[in-house]
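Understanding the architecture of this molecule
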Amino acid sequence: MEREGNDCDFGGDVVSLPCSSILSSTFLLDHVGEVVVSLFSDGLSWNLVEPVENDVSTCLGIKYVSKIANEIALSDIYAVELLDISLIHKSNLPRATERTLLVHETKMYHFTVHGFIRSKSQPSQWILTEYTFGHENLQTCQMWVDQLNELLKLEVRRPRNLLVFVHPRSGKCNGCRNWEAVAPIFSRAKVETKVIVTERAGQAYDMMLSITNKELNSYDGVIAVGGDGFFNEILNGFLSPRLRAPYPPTPPGFVHLAKDKGDSLAADEDEIFEKTSSQIENHLPLISTPNQPRSRISNSNSEDKAHGFPVPNEWFRFGIIPSGSTDAIVICTTGTRDPITSALHIVLGKRVHLDIAQVVRWKTTPRSEVEPFVRYAASFSGYGFYGDVITESEKYRWMGPKRYDYAGTMVFLRHRSYEAEISYLDVEPEETMPTPKRSRESNLLWGLKAPRRSERSICRINCKVCNETPKNAANEICSLTPHLNSETRRWVKSKGRFISVGAAVISCRNEKAPDGLVAEAHLSDGFLHLIMIKECPHASYLWHLTQLTRRGGNPLNFKFVEHHKTPAFTFTSSGNESVWNVDGEMFQAHQLSAQVFRGLVCMFATGPEV
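Throughout this document, residue positions are counted from 1 along each chain, in the order its sequence is written. Residues qualify for local features only when their pLDDT is at least 70, as the model is predicted, and side-chain atom pairs are given and counted only at 80 or more; totals for whole chains, interfaces and linings, by contrast, use all residues. For the side-chain quantities, the full set of heavy atoms in the structure was used; hydrogens and water were omitted.

Per an unreviewed UniProt entry, the chain goes by the name DAGKc domain-containing protein and belongs to Vicia faba.

Here it is in structure tokens:
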């Protein structure tokens, strides 16, 4: 859109356009003074016509020059508004300009450019900013507004229509208040929002489950105003009817481990899958493997079949306005727990891929029938300590977020352990570590000693690990489960008593664990971080928990802690206790299997900036 230099008449204002700019005019910038503004294809810049007199201050003989913003990138602008005629703010204008305005009582037309700046004190936090430009001629202001809006329309990734679910009781019951705080951002950005304030548990899940593909195709994404559990509810409602993926791989004889001492035969995995898949009407494949039936989309009626909804989907994204108790997912994807920052990521159309774990429950109790039930997790699934905490906390919902601290203390004091058997897929070291290849002996030693800080590949914006194309990604199936196709994979079994068993999809950073459960976990690398805490003295476990609360701590640097990067694992409890914590929600499962899909969904985010 660049034009060569020439003279143009905008309402009697003759301007010489630089060869590199689209427009150039003189305006009065509110709180600053008279400036020459130039519009480029990638943003705005302006320079003072004359310096502001109070721009330089002196302290102890040292001169300090205040930094006045003089540009904003187009990618940082989320809206442009034409304002009614009014007086310009004169407090910081040069004296000559002030006198002119006072004598003639000049009223000006204005247009405001809405954008953001990055906080200097809070990492990854974005702060709203606006620049108001005044001019005596309405046509000039309108010309600039139109031109800026035309350029903003070229930002094709920005959403235009969103479905918003608000959880009014999430966290400290801030859901409605947080939405009211960010709603003007969506309005200015001309993003249409259909807002649904939920009135009961599971309502968002039911609505996402029943919404037709035709209606879903009319939205650019879904926003959850709530916590991790609320997002999990929406995610499962979205994926359950649309993604019928093969069950996770299991070691030989896994399902038969659930037999009641020979009293009954467990159903064959393939037979179970055939039975459940035969109930699906539409035969559009999504994910399949050579040894398992093709995946399908479930549709509620024949008319909806014509409006397929592909999964995974590049353009359809999910967003979270943090209003929960921990908000680990939003902290890991945006870098901060700030509703304004999250709203800006959404309206600006940011995108980052996120791994999703498929958790399949085969049995709820030792003697129950084999009835597979699928859940999806975006952050963490945990058993033992984690399952006990979520169970205990349900008794104290009236306490709000503090119930987790109280429940955690009560469960810690009990110091229970559980007997279980876990099997996980072991893959080659070069697949799991971005560092140079090491011998198997050195990997065994690594299990006793945490890597140095410099060895950790922390997930950041434009992460090389997450953006790396898998070597075996010959088709869609392999790109979602690249590490399941390794020729050197093998099942490794661990049996004993465990205080906890956890599988982290992401680092799970939060305010109480600044580095998360696993500092080097990535958003989209196709790995789960399996963490098994073996039975240990009470004091040792306390030491482990203390390391989680420290920035730069090493919670995995203990002999009783096993940490494995794996694409899939299985679990079987040897007792009657069987409660899991899946993204902050209770999930009873005596026997389960899990796998991770790499980058299955897209989020309105960029990843942490710092």
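Right, picking up where we left off after that structure.
Regarding the overall build of the chain
For the purposes of this entry, the term helix denotes a DSSP run of H or I that reaches at least four residues, the term strand denotes a run of E that reaches at least two, and both are numbered from the N terminus. Broken down by element type, the chain carries 16 helices and 26 strands. Residue burial is assigned from relative accessible area. The probe radius is 1.4 Å, only protein chains are included, and a residue is buried under 20% of its type maximum, exposed over 50%, and partly exposed in between. A total of 610 residues make up the chain; the buried ones form 53% of that total. Carbon and sulfur atoms make up 50% of the accessible area of the chain, which totals about 28,200 Å². A 1.4 Å probe and the Shrake-Rupley method give the accessible areas. Residues count as covered only by the protein chains that appear here.

As for helix α4 (residues 203–210)
Every buried residue of α4 is listed here: Gln203, Ala204 and Met208. Buried residues of α4, seen end-on, are gathered within an arc of 130 degrees and therefore sit on one face of the element. Note on contacts: a residue pair is in contact if any heavy atoms of the two residues lie within 4.5 Å. As for α4, its buried residues are in contact with β12 (161–166), β13 (192–197), α5 (213–216), β14 (221–226) and α6 (228–239). What the arc describes is the spread of directions from the helix axis to the C-beta atoms.

Looking at the packing of aromatic side chains
Here the aromatic set is Phe, Tyr and Trp, taking the six-membered ring for Trp, and pairing holds for ring centres within 6.5 Å; pairs whose planes are under 30 degrees apart are stacked, those over 60 apart are edge-to-face, and all others are tilted. Tallied over the entire structure, the rule returns 30 aromatic pairs. Taken together, a centroid distance of 5.4 Å and an interplanar angle of 85 degrees make the contact between Phe27 and Phe111 edge-to-face. Taken as a pair, Phe27 in strand β3 (residues 23–29) and Phe111 in strand β10 (residues 108–118) lie far apart in primary sequence, 84 residues in all. Look at Phe27 and you get buried, because its relative accessible area is 1%. Given the relative accessible area of 1%, Phe111 is considered buried. Centre to centre, the rings of Tyr247 and Trp362 are 5.3 Å apart; their planes meet at 70 degrees, and the pair counts as edge-to-face. Taken as a pair, Tyr247 in the loop between α6 and α7 (269–277) and Trp362 in strand β16 (residues 352–363) lie far apart in primary sequence, 115 residues in all.

Notes on the side chain of Asn178
Among the secondary structure elements, Asn178 is positioned in helix α3 (residues 175–188). Polar contacts, as counted here, are pairs of nitrogen or oxygen atoms within 3.5 Å of one another; within protein the pair requires one atom able to donate a hydrogen and one able to accept it, and residues that are adjacent in sequence qualify only if both atoms are side-chain atoms. Only 3.2 Å separates the side chain of Asn178 from the backbone oxygen of Pro322, close enough to count as a polar contact. Residues in contact with Asn178, not counting those within four places in the same chain, are Ile321, Pro322, Ser323 and Pro339.

What to know about α6
The span one expects for a helix is its residue count, reduced by one, times 1.5 Å. With 12 residues, α6 extends 16 Å between its outermost C-alpha atoms, agreeing within 8% with the 16 Å of an ideal straight helix rising 1.5 Å per residue. With 12 of 12 residues buried, α6 is to be regarded as a mostly interior element. Within α6, the full set of buried residues consists of Asp228, Gly229, Phe230, Phe231, Asn232, Glu233, Ile234, Leu235, Asn236, Gly237, Phe238 and Leu239.

Some thoughts on the pattern of salt bridges
Salt bridge criterion: a side-chain nitrogen from Lys or Arg within 4 Å of a carboxyl oxygen from Asp or Glu. Taken as a whole and assessed by the stated rule, the structure comprises 17 salt bridges. Here Arg118 ties to Glu609 by a salt bridge, and the two come within 3.2 Å at their closest N and O atoms. In this pair, Arg118 sits in strand β10 while Glu609 sits in the segment after β26 (591–603), placing the two residues 491 residues apart along the sequence. Judged by relative accessible area, Arg118 falls into the partly exposed class, the value being 44%. Classification of Glu609 by relative accessible area gives partly exposed; the value is 22%. The closest approach of N and O atoms between Glu562 and Lys534, which form a salt bridge, is 3.0 Å. Placement of Glu562 in strand β22 (residues 561–566) and of Lys534 in strand β21 (residues 528–534) is noted, with a sequence separation of 28 residues between them. A relative accessible area of 16% places Glu562 in the buried class. Among the charged side chains, a network of salt bridges with common partners joins Asp327, Arg337 and Glu511.

Some points on the pairing of β14
Of all the six residues making up β14, six are buried; the element is thus mostly covered by neighbouring parts of the structure. Residues Gly221, Ile223 and Val225 of β14 are buried on one face, and the alternating residues Val222, Ala224 and Gly226, pointing to the opposite face, are buried as well. Here, a strand pair is defined by DSSP locating no fewer than two bridges between the strands. Bridge analysis of β12 against β14 gives five bridges, and the strand direction is parallel. Across the sheet, the residue bridging to Val164 is Ile223, located in β14. Looking at chain direction, β14 and strand β15 (residues 317–322) are connected through six bridges and run parallel. Bridge pairing in β15 places Val222 opposite Phe318.

Description of the packing of α3 against helix α9 (residues 339–347)
The axes are straight lines fitted to the C-alpha atoms, using for helices just the contacting stretch, and the angles between their N-to-C directions are given from 0 to 180°. Contact pair α3 / α9: the axes reach a minimum separation of 10 Å and the direction vectors enclose 35 degrees. Relative to α9, α3 is oriented so that their crossing is right-handed. Where α3 abuts α9, its residues Asn178, Ala181, Val182, Ile185 and Phe186 lie against Pro339, Ile340, Ala343, Leu344, Ile346 and Val347. We call Asp, Glu, Lys and Arg charged. Ala, Val, Leu, Ile, Met, Phe, Trp, Tyr, Cys and Pro are nonpolar, and the rest, Gly among them, are polar. Of the residues assigned to the contact of α3 with α9, the class counts are 10 nonpolar, one polar and no charged. We call a crossing left-handed when the near helix sits turned anticlockwise from the far one by less than a right angle, and right-handed when that turn is clockwise.

Topic: the nonpolar core
Counting residues in each nonpolar core, the largest one holds 97 residues, and the members touching the most others are Phe569 and Trp580. Residues contacting Phe569, with those up to four places away along its chain left out, are Ile422, Ser423, Tyr424, Trp491, Ala503, Leu528, Leu530, Trp580, Leu592, Ser593 and Ala594. Formed by 24 residues, the second largest nonpolar core is a distinct cluster that contains Val32, Leu39, Val80 and Leu151. Nonpolar cores are built from buried Ala, Val, Leu, Ile, Met, Phe, Trp, Tyr and Cys residues. Side-chain atoms within 4.5 Å join them into one set.

Things to note about the environment of Pro312
In this structure, Pro312 sits in the loop between α7 and β15. By relative accessible area, Pro312 is classed as partly exposed at 27%. For the pair Pro312 and Leu600, spaced 288 residues apart in the sequence, the C-alpha separation amounts to 5.4 Å.

A few points about the state of the cysteines
The criterion for a disulfide is a pair of cysteine sulfur atoms lying within 2.5 Å. Inspection of the entire model under this criterion finds zero disulfides. As a non-bridged cysteine, Cys173 has Cys176 as the owner of its nearest cysteine sulfur, 9.3 Å distant. Look at Cys173 and you get partly exposed, because its relative accessible area is 43%.

Observations concerning the side chain of Asn232
Its location among the elements puts Asn232 in helix α6. Overall, Asn232 belongs to the buried group, its relative accessible area being 2%. Side-chain polar atoms of Asn232 contact the backbone oxygen of Tyr376, separated by 2.8 Å. Not counting residues up to four positions away in its chain, the partners in contact with Asn232 are Arg375, Tyr376, Ala377, Val582 and Asp583.

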